[in-house]
Amino acid sequence: MVKEMVTQISIFIPNRPNQLAKVTGILMKEKVNIRALTVSETSDYGILRMIVSDPDKAQKVLQSSFLVDQTDVIACALKDSPGGLHEIATILGENGVNIEYLYAFVGKANQAILILRVENKMRSKAIDVLEAKKIKIFDPEEIYSL
Amino acid sequence: MPRAQLQDLQLRRFKELAKRCYTKVKHYKNKFTDMKITPDDIKTLDDVKKFPITVKTDLRDNYPFGLFAEPMENIVRIHASSGTTGKPTVVGYTKHDIDDVWTETMARSLVCAGAWRGDVIQNAYGYGLFTGGLGIHFGSERIGAAVIPISGGNTERQMMLFQDFGSTVLTATPSFAAYLAEMLKQQKIDRKLIKLHTGVFGAEFWTEKMREKLESAFGEVNATGKFNAIDIYGLSEIQGPGVSNECIYKMGNHIWEDHFMPEIIDPKSNERAAPGESGELVFSTLTKEGIPLIRFTTKDITSLNYEKCQCGRTHVRHAKITGRSDDMMKIKGINVFPSQIEYVLMKIPGIAEHYEIIVERDILDKIKVRVELTPKTFSDSMAELENLKKTIEKELYTTLQINAAVELVAPNTIPRSIGKAKRVIDMRKEV
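Quick notes on the rules
- Residues numbered from 1 in each chain as written.
- Chains lettered and ligands numbered in written order.
- Predicted model: local features only at pLDDT ≥ 70, side-chain atom pairs only at ≥ 80, totals over all residues.
- Domains from an automatic or database assignment.
- Contact = placed C-beta atoms within 7 Å.
- Nonpolar A, V, L, I, M, F, W, Y, C, P; charged D, E, K, R; others polar.
- Axes fitted to C-alpha atoms, helices over the stretch in contact; angles between N-to-C directions.
- Helix = DSSP H or I, 4+ residues; strand = E, 2+ residues; numbered from the N terminus.
- Parallel < 35°, antiparallel > 145°, perpendicular 65-115°, else oblique.
- Left-handed = near helix turned anticlockwise from the far one by under 90°.
- Pairing = 2+ DSSP bridges.

## A few points about the domain arrangement of chain B
Bring the parts together and some accessible area is lost; that lost area is often taken as the interface size.
All names here are of chain B.
Now for step 1: Assigned domains of chain B: these are domain 1 (92-326) and domain 2 (334-426).
Now for step 2: Averaged C-alpha coordinates put domain 1 and domain 2 at centres separated by 32 Å.
Now for step 3: Contacts between the two partners involve four residues from domain 1, matched on the other side by four residues from domain 2.
Now for step 4: Looking at the side of domain 1 that touches domain 2 residue by residue, the class counts come to two nonpolar, one polar and one charged.

Okay, structure coming up:
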């Protein structure tokens, strides 16, 4: 069975004061909760990537003011001990899966969660090889409702 | 030459020019026929105003060689400058055009600026399709000066040759010259080694303020403490540099009007402006064979002064160019039209029709193009966005031949205006 993916929201943010506040203001008003986020930036702009409680609603309320894109990502459990990330990186590396970017956050009961973005065509393979090594892959609903 | 004699010469030569155009160039034959005129209608210089105006798009419409009056057997050189869209404006020269017109007027220009045999001319204009480098080059040889064909850029080597070759004259765009002066100062080069006494600067608009700045900047780093910054003017359609040049009194550029007959017209009506009034500068290339042009409008705004100059020359002077009647920009000496940029952007899918051009000068000219993304072009992948940016930059370079930086911006960030969009923000103030 093909596992359902976690949907991440990506937003184009001009590199100017008050742009982030505009995004967070809209989400607050619409009662969308941010679970995790990361920002990649160039000198001119940044891409804000977020895992939120309701990605479709977030897209709907943001897209009139911002460029918004949805991307499928993998959420997996990360051991909170030395070598935790190394284990996952090694599994993916040995199986020829290239990581485009990743970020981590801490969920309930001090459970560390890793968000992984890999090439679309490598997604099922990534999940298979991780699960084969007993790495927990989260269902989208588990992540949204943390 | 007394003006009366000069005017006789101009009249004779204009008659020949009109005949040459009518018999050898289809474009002019058709124009003359439409306007019901023939070369015989020119009796006095006042009759010149009956003849058609030629514009840059006439060259483009006849791309590449349609306005040439001579077969390729008689053409010895081809130059090109950027046109208003993707296609360049092409000009051709016969041996006569090179030897007796361009090199001759270029030699006059250099002498007028104060250069002579014994001078070492460091020629930092670009060599290539651009007319600047080769124009200055042949004029320098004609006056018996030693020319260093270093071309543009290459700052470190420019610095070295100033010292080692003892260059006395620098020919460059004013913005590149300002940069070189700044570098001489920064590198604390022994000023006893710097023999530069004159700069012949052009291919860009520059102001009296810029002259003061350049003269004091070079005066601070050279042996004598004195420096003359002289304006040279030209455009490839007419020939390239050396259409007019300032003398050492710096009271306007002397036009070599035995070859290039000037007029000032009102840009709106195309009617001749009253004497002394400012308007568009128009030239008829009295002696050229390769691509003879009747009343070619430069779109440069200036006025003419027919008074005899302190230097003794009777050739008419034009005031410093104060602007343009169209939207052409000069960036690093290169002509750039917003329409060229638009042409490039519109070829790239997924780009909004809104864009903005920002021109800055922090010593050197810089151009930045702000482009709006669309939902179609936005993706989570930064690599894709950076690729899009690089693609646009590369396409702009191919068309413009200068590096323009592209900034990707969010939709609705570029101000919308009612009517004619204001697409260019030129921040090069009084420098």
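## A word on the packing of helix 9 (residues 338-347) of chain B against helix 10 (residues 382-400) of chain B
All names here are of chain B.
Now for step 1: Two elements in contact, helix 9 and helix 10, have axes separated by 10 Å at closest approach and are oriented at 140°. As far as their axial angle goes, helix 10 and helix 9 are oblique. Taken as a pair, helix 9 and helix 10 cross one another with a handedness that is right-handed. On helix 10, the residues that touch Gln-340, Ile-341, Tyr-343, Val-344 and Lys-347 of helix 9 are Glu-395, Leu-396, Thr-399 and Leu-400.
Now for step 2: Split into classes, the residues belonging to the contact of helix 9 with helix 10 amount to five nonpolar, two polar and two charged.

## Focus: the sheet that holds strand 21 (residues 424-426) of chain B
All names here are of chain B.
Now for step 1: Read from one edge to the other, the open sheet built from four strands follows the order 20-19-18-21, with strand pairing classed as mixed. Unpaired on one side and paired on the other, strand 20 (404-409) and strand 21 mark the two borders of the sheet. Direction aside, the axes of adjacent strands within the sheet are offset by 20° on average.
Now for step 2: Bridging between strand 19 (residues 364-373) and strand 20 involves six bridges; their strand directions are parallel. From the neighbouring strand, Lys-368 faces strand 20, where its bridge partner is Ala-405.
Now for step 3: Each of strand 18 (351-362), strand 19 and strand 21 is contacted by helix 9, which is oriented at about 135° to strand 18, the strand it contacts most.

## Considerations on the interface of chain A and chain B
Now for step 1: The interface is formed by 12 residues belonging to chain A together with 12 residues belonging to chain B.
Now for step 2: Among the secondary structure elements, those contributing two or more residues to the side of chain A that touches chain B are strand 1 (6-14), strand 3 (45-52) and strand 4 (68-78) of chain A.
Now for step 3: A class-by-class count of the residues in the side of chain A that touches chain B yields six nonpolar, three polar and three charged.

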